[in-house]
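# Coordinate analysis (summary)
Take a look at the letters that make up each chain.
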Amino acid sequence: RHPASWFQSFYNYRVMGTHLRNESLSDIPNPNTLNATTQWKDVSTSYARFDIYLKQFAKVQLDEHDLKEMLEEHLWKKEISP
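First things first, this report covers the structure right here in the doc. (Residues numbered from 1 in each chain as written. Predicted model: local features only at pLDDT ≥ 70, side-chain atom pairs only at ≥ 80, totals over all residues. Heavy atoms only, no water.)

## Remarks on the packing of aromatic side chains
- Taken as a whole and assessed by the stated rule, the structure comprises 4 aromatic pairs.
- Feature note: the residues Trp6, Phe10 and Tyr13 constitute an aromatic cluster, connected by ring pairs. (Phe/Tyr/Trp six-rings, centres within 6.5 Å; stacked < 30°, edge-to-face > 60°.)

Written as C-alpha cells, this is what we have:
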C-alpha cells in the first residue's frame, strides 16, 4: 500500500473513532501538521516510513547516511538489534 494512502486511511480511521466516541471534533488537527515530529493518536508521517522497515530486513541498499537517519529519534526510540 502506498504510504500516502496508508496515512490518509489511518487519519480517517482516527477521526471516525473520535466522532463515534462523541469526543470533541475541534481537537482534531489538520493532517498537514502531523509530520515527523508531531503526532495525534499515533497518526504521523513517521509511521508511514515503510522504507525504514525494509532497510531493517536488508531489502534495500543501506549506506552510512541511511543508517544514521534510521536511528534518529523522531517519535519513538529505535535501536539496532544485536
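## Some words on the pattern of salt bridges
- Applying the stated criterion across every chain yields a total of 2 salt bridges.
- Across the pair Glu23 and Arg21 runs a salt bridge, and its minimum N-O distance is 2.9 Å.
- The partly exposed category is assigned to Arg21, whose relative accessible area is 47%.
- When the shortest N-O distance is used, the salt bridge between Glu23 and Lys41 registers 2.7 Å. Taken as a pair, Glu23 in the loop between helix 1 (3-20) and helix 2 (50-56) and Lys41 in the loop between helix 1 and helix 2 lie far apart in primary sequence, 18 residues in all.
- Accessibility expressed as a relative area gives 27% for Lys41, which makes it partly exposed.
- It is possible to trace a salt-bridge network through shared partners that takes in Arg21, Glu23 and Lys41. (Salt bridge = Lys/Arg side-chain N within 4 Å of Asp/Glu carboxyl O. Buried < 20%, exposed > 50% of the residue type's maximum accessible area, 1.4 Å probe, protein only. Helix = DSSP H or I, 4+ residues; strand = E, 2+ residues; numbered from the N terminus.)

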